[in-house]
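This is what each chain is made of:
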Amino acid sequence: MTAVLDSLAQGKQAVMPAMRAALDRLDPTSRSIAHYHLGWTDLDGKPASGGGKAVRPALALLSAEAAGAPPSAGLPGAVAVELVHNFSLLHDDLMDGDTERRHRPTVWAVKGAAAAILTGDAMLSLAQEVLLDVDGPCGVAAARLLSEATNELIRGQVLDVEFERRNDVGLDECLDMAAGKTGALLSASTAIGAVLAGAPPRTVDALAGFGADLGLAFQLVDDVLGIWGESSVTGKPVYSDLRARKKSLPVTYSITHGGALGRELSEWLARPETPGEDSVRGVAEKIEQAGGRKWALDEAYRRMAAGRRKLEEAEIPGRAREELLSLAQFIVTREA
């Protein structure tokens, strides 16, 4: 675990100057809001330390190495995927009504909805600029890959919102939603460095497939944390996904495979009133009794085993392969 955290910290440090240079292109207001969202400053614009773990940039750098190139070949991809990821977070916080992220107020909660939307849009557009600045056809190919992934991400978000209004969501539908919402960008992150390095299709496809499996594992664990995660660690209130009545993967599994408990959960989700603390706590217990928590964690490990096989079959170099697998292991055992 310590080695992975050190690797993430080193990757974040390597990407930071390029991220700052990219954000310098934005107008002063958008740049200031982006800096706050990323944890670089506080609300008054004073320097701060924080932000996410930069998993996606780390994957982009590793994918360049997996293609036999130096990690720096994947740097534009690392910046681009982190920009797209944060575009999605800015919009997601607003759509979900989340007022905290990483123990700090979210942008929309302190700056307003318009600021969150426009800053997210600016970061999305900037991601494409960064890739199109790369000389030669590899930059264009990487930009296309990221554009396609972003379209899939948005499709997954659309389904996520749609599911909140439905009481008949199936498990396959929910997995498809997660594949778009989370899997698409992680798939692009694990392939974009190889694309920038000019890797052959077999290598790119193996890395993208690994990333897609990683994305589903990530979402499965994220959904478990969205119900049972400790707020002091996750930065979000405990049972936050249940309060929002999200059709997350553990919930959907429990409804479709939980028998009488599943029917009770379905009825609870259909109620119009805002649930109280005792209500959501009781529902979390029913999901666990119905097997939703165990299935989600077991499925996350199954997905990672499938991803490992893809890397081995494509003969990804040993060091890069082990780094990717260590990062994957960290994702499925994390607590935030």
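Whatever comes next refers back to the structure up there.
Calculation criteria
- Residues numbered from 1 in each chain as written.
- Predicted model: local features only at pLDDT ≥ 70, side-chain atom pairs only at ≥ 80, totals over all residues.
- Heavy atoms only, no water.
- Helix = DSSP H or I, 4+ residues; strand = E, 2+ residues; numbered from the N terminus.
- Rg over C-alpha atoms; globule rule 2.2 N^0.38 Å.
- Buried < 20%, exposed > 50% of the residue type's maximum accessible area, 1.4 Å probe, protein only.
- Phe/Tyr/Trp six-rings, centres within 6.5 Å; stacked < 30°, edge-to-face > 60°.
- Axes fitted to C-alpha atoms, helices over the stretch in contact; angles between N-to-C directions.
- Parallel < 35°, antiparallel > 145°, perpendicular 65-115°, else oblique.
- Left-handed = near helix turned anticlockwise from the far one by under 90°.
- Contact = heavy atoms within 4.5 Å.
- Nonpolar A, V, L, I, M, F, W, Y, C, P; charged D, E, K, R; others polar.
- Core = buried A, V, L, I, M, F, W, Y, C linked by side-chain atoms within 4.5 Å.
- Polar contact = N/O pair within 3.5 Å; in protein donor to acceptor, adjacent residues only side chain to side chain.
- Salt bridge = Lys/Arg side-chain N within 4 Å of Asp/Glu carboxyl O.
- Expected span 1.5 Å × (residues − 1).
- Arc of directions from axis to C-beta.

(A) Structural context of the overall build of the protein chain. Within the protein chain, the regular secondary structure consists of 16 helices and two strands. For 336 residues, the compact-globule formula gives about 20 Å, and the C-alpha radius of gyration of the protein chain, at 20 Å, lands near that figure. Taking the principal axes of its C-alpha atoms as reference, the protein chain extends roughly 60 × 50 × 35 Å. By the burial criterion, 51% of the 336 residues in the protein chain qualify as buried.

(B) Spatial organisation of the packing of aromatic side chains. Per the stated rule, a full pass over the model turns up one aromatic pair. With a centroid separation of 4.8 Å and 5 degrees between ring planes, the pair formed by Tyr253 and Trp295 is classed as stacked. Of this pair, Tyr253 sits in helix α12 (residues 249–257) while Trp295 sits in helix α15 (residues 292–313), and the two are 42 residues apart along the sequence. We classify Trp295 as buried; its relative accessible area is 12%.

(C) Region of the structure containing the packing of α12 against helix α13 (residues 260–270). Contact pair α12 / α13: the axes reach a minimum separation of 6 Å and the direction vectors enclose 125 degrees. The orientation of α12 with respect to α13, classified from their angle, is oblique. Our pair here, α12 against α13, has a crossing hand that is left-handed. Mapping the contact onto sequence places Val251, Ser254 and Ile255 in α12 and Gly262, Leu265, Ser266 and Leu269 in α13. Residue composition of the contact of α12 with α13, by class: four nonpolar, three polar and no charged.

(D) Examining unusual backbone geometry more closely. At Arg102, a residue that is not glycine, the phi angle is positive and equals roughly 55 degrees. Mapping Arg102 onto the fold places it in the loop between β1 (100–101) and β2 (104–105). At Glu315, a residue that is not glycine, the phi angle is positive and equals roughly 55 degrees. With respect to the helices and strands, the residue Glu315 is situated in the loop between α15 and α16 (318–333).

(E) Summary view of the nonpolar core. If you look at the biggest cluster of nonpolar residues, it comprises 98 residues, and the most contacted ones within it are Leu23, Leu83, Leu146, Leu242 and Leu327. Sorting elements by how many residues they give to this core places helix α9 (residues 201–228) first, with 15 residues. In this view, Leu146 contacts Ala80, Val81, Val84, Ala127, Gln128, Leu131, Leu185 and Ile192; residues no more than four positions away in its chain are not counted.

(F) Just the environment of Leu38, in detail. Along the polypeptide, Leu38 turns up in the loop between α2 (28–37) and α3 (55–66). Leu38 has contacts with Met19, Leu23, Gly50, Gly51, Asn86 and Met123, leaving out every residue within four places of it along the chain.

(G) How the structure looks around the packing of helix α7 (residues 137–163) against helix α8 (residues 171–196). At a minimum axis distance of 8 Å, the contact between α7 and α8 shows a crossing angle of 165 degrees. The angle between α7 and α8 falls in the class roughly antiparallel. Note that α7 runs across α8; the crossing there is left-handed. Grouping the amino acids of the contact of α7 with α8 by side-chain chemistry returns 18 nonpolar, four polar and six charged.

(H) Focus on the side chain of His91. Mapped onto the secondary structure, His91 falls in helix α4 (residues 75–96). The exposure class of His91 is buried, given its relative accessible area of 18%. A polar atom in the side chain of His91 sits 3.1 Å from the backbone oxygen of Ile117.

(I) Up close: the pattern of salt bridges. Taken as a whole, this structure holds 26 salt bridges when the rule is applied. Between Arg101 and Asp93 there is a salt bridge, with its nearest N and O atoms 2.7 Å apart. Given a relative accessible area of 2%, Asp93 falls into the buried group. A salt bridge links Arg166 to Glu162; the nearest nitrogen and oxygen atoms lie 3.3 Å apart. Connected via shared salt-bridge partners are Asp96, Asp160, Glu164, Lys181 and Lys246.

(J) Spatial organisation of the environment of Val110. Secondary-structure assignment places Val110 in helix α5 (residues 107–111). Setting aside anything within four residues of it in sequence, one finds Val110 in contact with Tyr36, Leu43 and Pro105.

(K) Representation of the side chain of Thr190 within the structure. Topologically, Thr190 is positioned in helix α8. In this structure the side chain of Thr190 is engaged in a polar contact, spanning 2.7 Å, whose partner is the backbone oxygen of Leu207. Side-chain polar atoms of Thr190 contact the backbone nitrogen of Gly211, separated by 3.5 Å. Contacts of Thr190, omitting those with residues within four sequence positions, involve Leu59, Ser63, Leu207, Ala208, Phe210 and Gly211.

(L) Here's a closer look at helix α14 (residues 277–289). Between its terminal C-alpha atoms α14 stretches 19 Å, which fits the 18 Å expected from 13 residues at 1.5 Å a residue. Turning to α14, its buried residues number three or more, namely Val280, Val283, Ala284 and Ile287. One side of α14 carries all its buried residues, which in axial view fall inside an arc of 105 degrees. Those residues of α14 that are exposed and angled more than 90 degrees off the buried face are Asp278 and Gln289. Among the residues trailing α14, Gly291 stands out with phi positive, at a value near 95 degrees.

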